Amino acid sequence: MGSRWRDIQQAIVSSQLWKSIFRVGIPDTNRKRVLAMLGNVVLHLHPVKTRKSGVKMRYTWCAGGVTFFLFLVLTFTGLLLMFYYRPTVEYAFVDILDLREQVPFGIMREVHRWGAHAMVISVWIHMFRVFMTGSYKPPREFNWVIGVILLVLTLLLSFTGYLLPWDQLAIWAITVGSNMASATPLLGIQGPGTSLLKIGDIQLVTSTNDARFGLLGGRFVGAGALLRFYVLHCVGIPLIAAFLMAVHFWRVRKDGGISGPV
Amino acid sequence: MSTAPNSLPTPPEELSLDGVTRRSTLKWMTLAWTGFAAATAAGLTATMRFLFPNVLFEPPTRFKAGDPSTYALGVDERWKEKFGVWIVRDTSSIYALVAVCVHLGCTPNWLAAQNKFKCPCHGSGYYVSGINFEGPAPRPLERAEIGISAEDGQIIVDKATRYLYERGQWTDPKAFVKMA
């Protein structure tokens, strides 16, 4: 009985189908362990070995990892929400209501929202931790800068996502927030120095041609703003954030792993 | 290598493989990189221009506000909900105030009992003229272009053109309707 089972196992493992997927075989030597990690597109994102310093939770609080985990949760729940939400003035508000009431596990919308709050909180905790442990000091200064940009992107994701339910809170919050864009120097109609940008008598920066207009796609928060914010929230900013996260994690890896000595 | 002690070594003859020389390589590389830079600049410009639509699907900013004789002295709120504008009549003129708080963009309320416009968001207060006197508003309310239609004598308001007090524009003849 046992040898029959072993024969079957042997037949499978030596088949071309198996070998084409699992090139290395059972990792029973150190060499094979390394090859299995390095040859796999998902596994090779982690280092082959983890240092002891990497699991010191009292040092790292796992704050960066928690933030990344929340980002993945938000991506997944956000993707699911996209099946039911239409970013138009006519449907946005009622689609959110329907999500809550008509869709099974409609709590998904709240999970997405709570996850967003949690991610903002955990990214600040991560920043605080990195500061307190001095992990921004040379040679790690550039990674700190990348981290700050990621912080700004996290807050922008919250800002763009806030408009999507299209309720009173959303519209007025974004009206107030985007009015700040009209105070941009040179590029905003209420900014300093803007009246200097003109050809003869014709102003180059007008209410339909300034930074605020580019952000909203209109003169006020309307259909154009809803669609733009939706695209930025679901595609634009996540792509930039994903790229910067890749750089951020790569830097940690190449410096010897998380919380390693300088 | 030169045999004369004080002269520079003679350069080698122009090396070339099928006419490819250092000079020709440099020429092509310059051309290629210039072309790449120009294409990238053109692409970025096109992308930025793409974000500014030529046509907006917004309600028209110009509207007819009725006959001037239908407006009594004081603030009229009949167009506030639909067009976001107050028509105000004082002893010598009629003007249109845009119902957007200049602080951060909320819609103020007209408090007739206290004779002032008051913003519910952060408490900006304005006189009947639109001049700010309390709260965080940094400047007065804006006035919209106002005139009389030549054909039927109705008031025409155009919110697309604004007149700002702090730029001295309230004296512009298109900012008010005289002696109405």
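Up top you'll find the structure we're talking about.
A brief look at the structure comes next. (Residues numbered from 1 in each chain as written. Chains lettered and ligands numbered in written order. Predicted model: local features only at pLDDT ≥ 70, side-chain atom pairs only at ≥ 80, totals over all residues.)

The next subject is the overall build of chain B. The secondary structure content of chain B amounts to 2 helices and 11 strands. For chain B, the succession of helices and strands along the chain, N to C, is α-β-β-α-β-β-β-β-β-β-β-β-β. Taken over C-alpha atoms, the radius of gyration comes to 33 Å for chain B, far larger than the 16 Å a tight globule of 180 residues would show. For chain B, the C-alpha atoms occupy an extent of roughly 105 × 40 × 30 Å along the three principal directions. Considering chain B as a whole, with its 180 residues, one finds that 22% of them fall into the buried category. Across chain B, contacts joining residues at least 24 apart in sequence account for 42% of those joining residues at least 6 apart. (Helix = DSSP H or I, 4+ residues; strand = E, 2+ residues; numbered from the N terminus. Rg over C-alpha atoms; globule rule 2.2 N^0.38 Å. Buried ≥ 20, exposed ≤ 12 C-beta atoms within 10 Å, placed from the backbone. Contact = placed C-beta atoms within 7 Å.)

Contacts between the two partners involve 9 residues from chain B, matched on the other side by 12 residues from chain A. Grouping the constituent residues of the side of chain B that touches chain A by class yields 7 nonpolar, 1 polar and 1 charged. (Nonpolar A, V, L, I, M, F, W, Y, C, P; charged D, E, K, R; others polar.)

This part is about unusual backbone geometry. Residue and element names in this part refer to chain A. Look at the link from proline 138 to proline 139: it is a cis peptide, with omega at 5 degrees. Tracing the chain through its elements places proline 139 in the loop between helix 7 (108-132) and helix 8 (141-163). Look at cysteine 62: it is not a glycine, yet its phi comes out positive at around 55 degrees. By the secondary structure assignment, cysteine 62 is in the loop between helix 4 (57-60) and helix 5 (63-81). For cysteine 62, a count of 18 C-beta atoms within 10 Å puts it in the partly exposed group. Although it is not a glycine, leucine 186 sits at a positive phi angle of roughly 70 degrees. Checked against the element boundaries, leucine 186 lands in the loop between helix 9 (168-179) and strand 1 (198-199). Since 15 C-beta atoms lie within 10 Å of it, leucine 186 is described here as partly exposed.

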